[in-house]
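Coordinate inspection notes
Take a look at the letters that make up each chain.
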Amino acid sequence: MTAPTGNYPAPGDDVERPDFDALLSTLAAWLNDRGQQLMAIDERAALHGTDAQRADVNIAFVLWQAASERRDELASVDWPDPKRSNAEVADLVYRTISDRTGTALAANLPEAVAIVDDIASRLTATLNRTESASAAWFEARSAIAADLDVAERLALTLGDQVRAAAGLRAELERLTSAGTARGSTAGTAPGTEGSAFADADMAALRSSVARLRADLESTDRERQRVLAECNEASGRLEALSALEADARSAVAACADRFTAPPRLAVPSVEALELPPADLADRPWPQARPLAEDFVDRVGRLERALGIVIERNRSMLRERDDLRGLVQAYRDKAAAAGAAERPEFDEAFRRAKALLWSAPCDLDKARSEVAAYQALVRSLSGPGASSGQPVVTEEIP
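Side note on the environment of Glu 131
- As for its position among the elements, Glu 131 is in helix α4 (residues 109–158).
- Sequence-distant contacts of Glu 131, that is, excluding residues within four places in its chain, are made with Arg 44 and His 48.

Written out as structure tokens, the structure is:
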């Protein structure tokens, strides 16, 4: 509601009754609007304003009350003839505005109205800025408190950076206490210019707390991953025991069947030291190396057993492959009519004797099979003199 500037008469004017009625109506509307506005400003200033701002509200109320009384005086003007103008109205409009003690507050009614409007406008703008800054500060404080709650919980769970979290909590309490003291003594709201809550301090604290939370959450994710791997590794021990039995069986089979079996020790699953039962409850800096070491040892044990099994079984597979190969070449020699020739039969018998003996000298057997292969291959091509069919397909 704007001030009733356009309805004021000029000083010394005689006022017509329609203009008088318009002035009273406009003043009544203005008084009602400003009264409600000042009540709202008073409530806001009580929460967020300074002592000086609250004093300005009181001045505005006194002036508003004086303007209301002047309006009542105008309403009581004696107007014997509505068709004639009245000089008393202008006189009342421009008469000094005083409080109930007689102290002058404004030179006249227009000035009183203008002062009230100025105070209301200025305090509204100032309180808007104050409340915005205060809301931003409280939002920042709430965000810091939320991050710090998570960080403290994780720090206790992990047993890591507990002192760092406690230090940041103390800093938040210090800033909160300082701001409360400042607001109660100087009427300065948190987050406003001149308060103890400098934006730089709040920003720095918020950044530090957010960084601590992110670090601890990352550590917690790593902890959960490593503990899960540790549990998974513990769950594989039964399967590793079966794998150990397979490895020992493969070693025993090669020891009985070969003169030079692989010389690989079979690691014991039972000898593997288990992680402590309270591993998950221990501080993570202490538990982490124990968990990672166990996972690594289980992995090494599994790989070692696999190597033992593969090395021994590969020797058995090679012997069986050589048996099949020498028999295939025997069949090729027979197809060429040369299997019973003394040199072919003797070479075949030497290879067979080695491959079907226990323990088997695999190196010698490999050499005798290669010699027999070369002999059979010699049957192919020019120079074959047996009169029998020629071997043309080569077995690798």
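Here's the deal with the packing of helix α9 (residues 342–355) against helix α10 (residues 362–377)
- Packing of α9 against α10 brings their axes to within 9 Å, and their N-to-C directions diverge by 155°. By the criterion of interaxial angle, the relationship of α9 to α10 is roughly antiparallel. The crossing of α9 and α10 is left-handed. Here Glu 343, Phe 344, Ala 347, Phe 348, Arg 350, Ala 351, Leu 354 and Leu 355 of α9 come into contact with α10, specifically with Lys 364, Ala 365, Glu 368, Val 369, Tyr 372, Leu 375 and Val 376.
- By residue class, the composition of the contact of α9 with α10 is eleven nonpolar, no polar and four charged.

Focus on the confidence of the model for the protein chain
- Mean pLDDT over the protein chain stands at 87; residues scoring 70 or higher make up 90%.
- Highest mean pLDDT in the protein chain belongs to α10 (96); lowest belongs to helix α5 (residues 162–186) (77).
- Low pLDDT, under 50, characterises residues 184–189; the predicted model gives this stretch 16 contacts beyond four residues in sequence or across chains.
- Confidence drops under a pLDDT of 50 for residues 382–396, and excluding neighbours within four residues, the segment shows 28 contacts in the predicted structure.

Some points on the packing of helix α7 (residues 237–257) against helix α8 (residues 284–335)
- One can describe the packing of α7 onto α8 by two numbers: an axis separation of 9 Å at closest approach and a directional angle of 30°. With respect to their mutual orientation, α7 and α8 come out roughly parallel. Judged by the twist between their axes, the crossing of α7 over α8 is left-handed. Note on element contacts: α8 touches α7 through Phe 294, Val 298, Leu 301, Glu 302, Leu 305, Val 308, Ile 309, Asn 312, Arg 313, Met 315, Leu 316 and Arg 319, opposite Leu 237, Leu 240, Leu 243, Glu 244, Asp 246, Ala 247, Ala 250, Val 251, Ala 253, Cys 254 and Arg 257.

What counts, and where the lines are drawn
Residues numbered from 1 in each chain as written. Predicted model: local features only at pLDDT ≥ 70, side-chain atom pairs only at ≥ 80, totals over all residues. Heavy atoms only, no water. Helix = DSSP H or I, 4+ residues; strand = E, 2+ residues; numbered from the N terminus. Contact = heavy atoms within 4.5 Å. Axes fitted to C-alpha atoms, helices over the stretch in contact; angles between N-to-C directions. Parallel < 35°, antiparallel > 145°, perpendicular 65-115°, else oblique. Left-handed = near helix turned anticlockwise from the far one by under 90°. Nonpolar A, V, L, I, M, F, W, Y, C, P; charged D, E, K, R; others polar. pLDDT = per-residue confidence, 0-100.

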